[in-house]
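Now for the letters of each chain:
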Amino acid sequence: MSRDYYEVLGSSRGDSPEVIKKAYRKMAMKYHPDRNPGDSEAESKFKEAAEAYEVLSDEKKRQIYDTYGHDGLKNTGYNGPGNSSDIFSNINDLFGDMFGFGGRSGRQDPNGPVAGDDLRYDMEISFMDAVHGTEKEVEVTKRETCWTCEGTGARPGFKPQVCPSCHGRGQVIRSQGFFQVSSTCPQCRGAGQIITEPCNDCSGEGLINRKKKVNFKIPPGVDTGARMKLRGEGEGGRRGGPSGDLYVVLHVEAHEFFQRDGQTIYLRYPLSMVKAALGCEVEVPTIHGTTKLKISAGTQSGDRFTLRREGVPSLRGGGRGDMVVEAKVLTPTKLNKKQKELLASFEEDCPEEQEEGFFSRLLHGHVGWFKKDQSEQKQ
């Protein structure tokens with residue numbers, strides 16, 4: 001091969017390893033034989049790109065190539081990938097990086113320790129428990145490590161045997177033309193070993209079902225969607241692997257009177273018409289108890305009053321939020337004769353300036369709009 005490796009990948013000598021990898025990925029995807037069946041030219045370019053990447057992705061080989069070119073590599077004994085297995089291994093590592101599966105260097109030993117799975121538990125808690133924090137207990141049924149066989153799945157005194165189909169790799173490789181395709185071994189299901197004498201307690205699984213009660217603390221200020229991570233309380237590991245974690249996802253019940261938005265609490269407080277008109281001091285319930293609130297004279301429905309630091313505690317330790325009290329002025333619906341007479345007398349004594357002013361402004365605006373509309377129609 002005499003073409004410049006950088007030219008093959010469409011890159012430059014000063015490019016970083018990440019740029020080189022990106023360039024190779026682009027070429028490999030373009031000339032992949034599966035995308036170009038029967039195209040010998042594409043297959044040739046695919047091999048060419050693989051050889052270029054093998055040199056340029058290796059720091060020592062790249063340094064020799066940059067200094068002495070192809071002849072320098074020949075003096076080190078390098079003559080290209082050599083066979084399809086090396087090329088396939090190269091691209092397999094690259095695509096493993098792309099999709100997060102890990103390549104040749106990240107492959108796990110199928111006979112090594114296996115970590116347990118994480119578990120999720122959804123829990124409903126009351127509004128007040130979420131605000132103030134509490135302690136809870138959950139009972140979960142999970143698979144834990146079988147300590148009879150210590151998670152190996154084999155009866156005590158016996159050891160798992162190496163799988164004869166995959167020879168302990170957990171994967172079987174078959175050729176498809178130019179490529180070698182690996183898949184999970186059907187005999188050992190990827191474990192790399194066969195349990196010939198299974199454990200009597202776990203039937204060779206290495207795990208057994210158990211119920212367990214777990215206690216944990218919920219801090220003040222949590223809300224719906226909060227997740228409590230209980231480390232090591234998930235499913236048990238196998239062959240000495242660590243246990244997974246248990247995630248408790250919280251769902252906070254609604255309160256009959258209080259509403260919450262972050263750290264702020266909202267309350268609609270019923271207020272009699274007389275108290276709203278005259279003003280007063282009332283005792284208001286809060287999520288922390290009760291407190292005094294001064295209602296100013298002439299309060300209307302919808303008017304709001306803020307009580308500082310009567311809201312929800314911050315999860316990050318920044319103190320409490322506020323509480324907003326919205327007045328809800330109540331109009332009496334059941335009046336006796338005397339009450340009706342008093343209200344009628346009160347109405348007679350009330351000045352009508354405010355009401356007349358409202359209707360005057362409304363009528364003036366309406367007439368002005370009507371005249372403008374008539375003028376536009378004549379035009």
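Keep in mind that this is a model prediction, so the values were computed, not measured.

Turning our attention to the overall build of the protein chain. Within the protein chain, the regular secondary structure consists of nine helices and 15 strands. In the protein chain, which comprises 379 residues, the proportion classed as buried is 33%. Pairs at least 24 apart in sequence give 63% of the contacts found in the protein chain among residues at least 6 apart. Total accessible area computed for the protein chain in this model is approximately 24700 Å², and 47% of it derives from carbon and sulfur atoms.

With that settled, the discussion passes to the confidence of the model for the protein chain. The predicted model of the protein chain has a mean per-residue pLDDT of 82, with 80% of residues at 70 or higher. Contacts of residues 82-107 to residues separated by more than four positions or lying in other chains number 34 contacts, the stretch itself having pLDDT below 50.

Next up on the list: the sheet that holds strand β9 (residues 246-252). Spatial ordering of the open sheet is given by β1-β9-β8, a layout of three strands whose pairing is mixed. Taken across any chain shown, the strands that pair with only one partner, and hence form the sheet edges, are β1 (119-125) and β8 (227-230). Adjacent strand axes in the sheet meet at a mean angle of 25° when their direction is disregarded. Two elements, β1 and β9, share seven bridges in a ladder whose sense is parallel. Bridge pairing in β9 places Asp122 opposite Val249.

Within the structure shown, the criterion is met by three aromatic pairs. Between the aromatic rings of Tyr5 and Tyr65, the centroid separation amounts to 4.7 Å while the plane-to-plane angle is 35°, which identifies the pairing as tilted. Note that Tyr5 is positioned in helix α1 (residues 5-9) and Tyr65 in helix α4 (residues 59-75), a separation of 60 residues in sequence. For Tyr5, a relative accessible area of 2% translates into the label buried. Tyr65 sits in the buried class, given a relative accessible area of 3%. Centre to centre, the rings of Tyr6 and Tyr65 are 6.2 Å apart; their planes meet at 40°, and the pair counts as tilted. Placement of the pair is Tyr6 in helix α1 and Tyr65 in helix α4, with a sequence separation of 59 residues. With respect to class, Tyr6 is no different from Tyr65; both count as buried. Grouped by ring-pair contacts, the aromatic residues Tyr5, Tyr6 and Tyr65 constitute a single cluster.

We now examine the sheet that holds strand β14 (residues 304-307). Sheet strands associate in pairs through backbone hydrogen bonding, adopting either a parallel or an antiparallel arrangement. An order of β10-β11-β15-β14 is seen for the four strands of this open sheet, with the pairing classed as mixed. Each having just a single partner strand, β10 (259-261) and β14 make up the two edges of the open sheet. Here the average twist between neighbouring strands, direction ignored, is 30°. Inspection of the sheet shows strand β11 (residues 264-272) paired to strand β15 (residues 323-330) by eight bridges, in the parallel sense.

The next thing to look at is the pairing of β8. Taking every second residue as pointing to the same face, the buried face of β8 carries Met228 and Leu230, while none of Arg227 and Lys229 on the other face is buried. Bridge analysis of β8 against β9 gives four bridges, and the strand direction is antiparallel. What sits directly across from Arg227, in β9, is Val249.

Time to look at the environment of Arg169. The residue Arg169 is located in the loop between β3 (161-162) and β4 (171-176) in this model. C-alpha separation for the pair Arg169 and Thr184, spaced 15 residues apart in sequence, amounts to 9.3 Å.

Its location among the elements puts Ser314 in the loop between β14 and β15. At 3.1 Å, the side chain of Ser314 and the backbone nitrogen of Arg316 are in polar contact. Not counting the four nearest positions on each side in its chain, Ser314 is found in contact with Gln263 and Gly319.

The end-to-end C-alpha separation of helix α8 (residues 337-349) is 19 Å, in line with the 18 Å expected for 13 residues at 1.5 Å each. Buried residues are scarce in α8, accounting for zero of its 13 residues. Two or three places before Lys338, at the opening of α8, Asn336 has a side-chain oxygen 3.3 Å from that residue's backbone nitrogen.

Rules of the game
- Residues numbered from 1 in each chain as written.
- Predicted model: local features only at pLDDT ≥ 70, side-chain atom pairs only at ≥ 80, totals over all residues.
- Heavy atoms only, no water.
- Helix = DSSP H or I, 4+ residues; strand = E, 2+ residues; numbered from the N terminus.
- Buried < 20%, exposed > 50% of the residue type's maximum accessible area, 1.4 Å probe, protein only.
- Contact = heavy atoms within 4.5 Å.
- Areas by Shrake-Rupley, 256 points an atom, 1.4 Å probe, with all protein chains shown as cover.
- pLDDT = per-residue confidence, 0-100.
- Pairing = 2+ DSSP bridges.
- Axes fitted to C-alpha atoms, helices over the stretch in contact; angles between N-to-C directions.
- Phe/Tyr/Trp six-rings, centres within 6.5 Å; stacked < 30°, edge-to-face > 60°.
- Polar contact = N/O pair within 3.5 Å; in protein donor to acceptor, adjacent residues only side chain to side chain.
- Expected span 1.5 Å × (residues − 1).

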